[in-house]
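Chain by chain, the residues:
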Amino acid sequence: MPIIPREQHTISRKNISKAALRVLYRLNEAGYDAYLVGGAVRDLLLGGHPKDFDVATNATPDEVKRLFRNCRLIGRRFRLAHVVYGNEIIEVATFRGASEEVGVEGDRHIVDGRIVRDNVWGTIEEDALRRDFRVNAMYYDISDFSVRDYVGGMKDLDNCVLHLIGDPATRYREDPVRMLRAVRLAAKLDFRIHPSASAPFSELGPLLSGVAPARLFDESLKMFLAGHGLKSFRMLEECKLLKFMFPATARALKRGDEALRSLIEQGLENTDARVAEGKSVTPAFLFAVLLWGEVRDLAHTWGTQGKDVNEAWARAAAHVVAEQCQRVAIPRRFTITMEEIWSLQPRFEQIQRKKVFRLLAHPRFRAAFDFLLLRAAESPAIGELGQWWAHAQQLPHETLAAALPLHQANATGEAEPARPSATRKRKRRRKPAAGKSGAG
């Protein structure tokens, strides 16, 4: 049934943002078709509370702009209208068409199967077929409060499964990021990906290496910082797509390091918990967790080759970050923090009065300490080190200073033998020349 009347679905206008309703009503009153569409409809039908509301209409972007003074047009690949109400942006898209007539090649441009521009307008039925997943292709009609479902989205919601619309291989070639969206959506909704949608991953996964790194950064934030990061990570591994986004992480895990896996999964679980509690999260800490295994192993390798410890860690961090940014463009403001978190880890082993207080005063101490606690599974010694630093932070300054040796100590606070220092040759004082005195 393509049209589901109001009494047969659960969407209520009280759960739709006022800004979205204003856009829908104004378009409808101006004689245009106007529908709430996509993830907002899906989440409302599942009883959720969408953060974003998108609108689909038969009005062109220019016609939308004429209706709303608070509107700006964006995009070349997909021409869209953004209607702004305070901090809320309602994205308005014109129905996409499926026409491939000779006269419209200037509006739709495909290179090697990938859509690089698509501004061909069409009907709502054509628009539904242009969307990615069935559950994202349902429309809420503001004129009669019905839901329109042309592709079987309601059935997929009932069965908790994700089907791709159209031929999966073709759709992934059009936009390889759809493979990541399948993983993210399945993790978010706790759905399974239908075998027809996941089968091309092994063959077409390498296409992700051709996606703009900045775009993959945005996708990684949606995956890992939206409250379902652990599920997304596990599903990326299961679908064998992790290596195309985080090759260093995939390599390190392939070596069978269970302590590293524990660190990554605990870090993601902690991040999900913070999101659920409404607390702030930072991409820098999460990326530091994901890339730790490769940085640690490289630093240890170069350290055993006789390089200075600080230099080994700096080189390892720079090498891993440079490689990762070729796939996922992590902004410099985050990579700086990541490198600081990593470089501070060996300093936790230096239990010496000046060095302890210097580390406690470091602006990245808290993040580095939290990272140290995640590393507890690496060895009993790391666990003891974390406990020592946790206790040290609770002591008054004078008490901690009195308990610390001036020279190196171990994690239990016991002094270790001081390293012998080179004997300095005392300078002999020169006698003043005859006839001269120190008074002037």
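Above this text sits the structure in question.
The numbers attached to residues start from 1 for each chain and follow its sequence in the written order. Whole-chain, interface and lining totals are the exception, using all residues; otherwise, since this is a predicted model, local features are given only for residues with pLDDT of at least 70 and side-chain atom pairs are given and counted only at 80 or more. Hydrogen atoms and water are omitted, and side-chain values are computed over all heavy atoms in the structure.

Draft legend 1. Molecular detail of the pairing of strand 3 (residues 54–57). Criterion used throughout: strands pair if DSSP finds at least two bridges between them. For helices the rule is a DSSP run of H or I covering at least 4 residues; for strands it is a run of E covering at least 2, with both sets numbered from the N terminus onward. Where strand 2 (residues 34–37) and strand 3 come together, 4 bridges link them in antiparallel fashion. Bridging across to strand 3, tyrosine 35 finds its partner in alanine 56. Taken together, the 4 bridges between strand 3 and strand 6 (residues 88–94) define a ladder with parallel strand orientation. Across the sheet, residue threonine 57 finds its bridge partner in strand 6, namely threonine 94.

Draft legend 2. Structural view of the pattern of salt bridges. Any Lys or Arg side-chain nitrogen found within 4 Å of a carboxyl oxygen on Asp or Glu counts as a salt bridge. According to the stated counting rule, one finds 28 salt bridges in the structure shown. For arginine 173, the salt bridge identified is with glutamate 203, shortest N-O distance 3.5 Å. Of the two residues, arginine 173 is situated in helix 6 (residues 168–174) and glutamate 203 in helix 9 (residues 201–204); the sequence distance between them amounts to 30 residues. For the salt bridge of glutamate 219 with lysine 222, the shortest nitrogen-to-oxygen distance reads 3.7 Å. Taken together, the positions of glutamate 219 and lysine 222, both in helix 10 (residues 213–224) and 3 residues apart, correspond to about one turn of that helix. Salt bridges sharing partners connect three or more residues here, namely Arg251, Arg255, Asp257, Glu294, Arg296, Asp297, Glu323, Arg375 and Glu378.

Draft legend 3. The environment of tryptophan 292, seen in detail. Looking at where tryptophan 292 falls in the secondary structure, it is placed in helix 15 (residues 283–304). Distance in space between the C-alpha atoms of tryptophan 292 and tryptophan 342 is 7.6 Å, their sequence separation being 50 residues. Whether two residues are in contact is decided by their heavy atoms: any pair within 4.5 Å suffices. With sequence-adjacent residues up to four places away left out, tryptophan 292 is seen in contact with Leu260, Leu263, Trp313, Trp342, Gln345, Phe371, Arg375 and Glu378.

Draft legend 4. Here's a closer look at the nonpolar core. Here, nonpolar core means buried Ala, Val, Leu, Ile, Met, Phe, Trp, Tyr and Cys residues that are tied together by side-chain atoms lying within 4.5 Å of each other. Three exposure classes are used, based on accessible area relative to the maximum for each residue type with a 1.4 Å probe and protein chains only: buried under 20%, partly exposed in between, and exposed over 50%. Leu36, Ile193, Leu241 and Trp342 are the most contacted members of the largest nonpolar core, which totals 101 residues. In terms of residues, this core owes the most to one element, helix 15, which gives 13 residues. Apart from the residues lying within four places of it in its own chain, the contact partners of leucine 36 are Ile16, Ala20, Leu24, Val41, Leu44, Phe53, Asp54, Met138, Tyr139 and Tyr140. Grouped together as the second largest cluster of nonpolar side chains are 18 residues, Phe348, Ile351, Phe369 and Leu372 included.

Worth remembering: the numbers are spatial, not functional.
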